[in-house]
Amino acid sequence: MAGINFESNNSDCVMSNVRVLNPVTRNNTKFGIQIGIRKMLGNGNRVADILIKNHLYEGSEKNSFKVVCASQFEPILGTMSASIRVLNPVWKNPKSGYHVYFSTNQPKFQVSIVAPKVISNGRIMSKTEVANLLKFTGVSRLTLIQ
């Protein structure tokens, strides 16, 4: 359901030094890129380091980019420190209201989106419009650098 899906199987999984360069995702059933790493929790302090550079997304049914590591409503089963960076994405013609969905109960989990370009109906959206398209729930940090 996602063009690219990072999904851990259990608490022994490791996602470090992951680099995805120039990915293209189009017309996926749900997401352009999804990172679901809640199953990594439960085996000490887990660390994730993921960089996605120059993601071109077009027309999937839901989010351009989704990150979930235990929602704010789930019990804390372990700790996760993360640095997830999305550099220079171009997100075109969304079919849902949010380009980025990010949810976690982990205080050391950080997602940065740098220089996003969002195009809707042939028009490049303003910085304010882009900021309004990001959905965030949780205790962590989502940083938008335009």
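Residues numbered from 1 in each chain as written. Predicted model: local features only at pLDDT ≥ 70, side-chain atom pairs only at ≥ 80, totals over all residues. Heavy atoms only, no water.

(A) The overall build of the chain, seen in detail. Across its full length, the chain carries 1 helix and 15 strands. In terms of overall dimensions, the chain is globule-like: its C-alpha atoms have a radius of gyration of 15 Å, near the 15 Å expected for 146 residues. Judged by the C-alpha coordinates and their principal axes, the chain covers about 45 × 25 × 25 Å. Among the 146 residues that make up the chain, the fraction classed as buried is 45%. A separation of at least 24 residues holds for 85% of the contacts in the chain among residues at least 6 apart in sequence. As displayed, the chain has an accessible area near 7,300 Å², and 49% of this comes from carbon and sulfur atoms. If you average the places of the 18 positive and of the 7 negative side-chain charges in the chain, the two averages end up 5 Å apart. (Helix = DSSP H or I, 4+ residues; strand = E, 2+ residues; numbered from the N terminus. Rg over C-alpha atoms; globule rule 2.2 N^0.38 Å. Buried < 20%, exposed > 50% of the residue type's maximum accessible area, 1.4 Å probe, protein only. Contact = heavy atoms within 4.5 Å. Areas by Shrake-Rupley, 256 points an atom, 1.4 Å probe, with all protein chains shown as cover. Lys, Arg positive; Asp, Glu negative; His and termini not counted. Charge placed at Lys NZ, Arg CZ, Asp CG, Glu CD.)

(B) Expanded view of the environment of Tyr 101. Mapped onto the fold, Tyr 101 is located in strand S10 (residues 100-104). Residue classification places Tyr 101 among the partly exposed positions, given a relative accessible area of 23%. Sequence spacing of Tyr 101 and Leu 134 is 33 residues, and the spatial spacing of their C-alpha atoms is 6.4 Å.

(C) Expanded view of the pairing of strand S11 (residues 109-114). Pairing between strand S8 (residues 79-87) and S11: 6 bridges, direction parallel. Counterpart to Leu 87 in the pairing with S11 is Val 114. Two strands pair when backbone bridges link them, and S11 and strand S15 (residues 141-145) are joined in this way by 5 bridges, in the parallel orientation. Residue pairing for S15: Val 111 is matched across the bridge by Leu 142. (Pairing = 2+ DSSP bridges.)

(D) Structural context of the pattern of salt bridges. What the rule picks out here adds up to 4 salt bridges. Glu 129 is the partner of Arg 123 in a salt bridge, and the nearest nitrogen-oxygen pair spans 2.9 Å. Here Arg 123 falls in the partly exposed class, since its relative accessible area comes to 42%. A single salt-bridge network, built from bridges that share partners, covers Arg 19, Asp 49 and Arg 85. (Salt bridge = Lys/Arg side-chain N within 4 Å of Asp/Glu carboxyl O.)

(E) Quick peek at the sheet that holds strand S5 (residues 45-53). The strand order S2-S5-S8-S11-S15 describes an open sheet built from 5 strands, whose pairing is parallel. Taken across any chain shown, the strands that pair with only one partner, and hence form the sheet edges, are strand S2 (15-21) and S15. Across the sheet, the mean angle from the axis of one strand to that of its neighbour is 10°, orientation sign disregarded. (Axes fitted to C-alpha atoms, helices over the stretch in contact; angles between N-to-C directions.)

(F) Geometry of the sheet that holds strand S3 (residues 24-26). Taken together, the 5 strands give an open sheet; going across it, the order is S3-S6-S9-S12-S13, and neighbouring strands pair in mixed fashion. Both edges of this open sheet fall to S3 and strand S13 (123-124), since each of them pairs with a single strand only. Alignment of strand S6 (residues 56-58) against strand S9 (residues 90-92), held across 3 bridges, turns out to be parallel. Residue Tyr 57 lies in a different strand from S9, and its bridge partner there is Trp 91.

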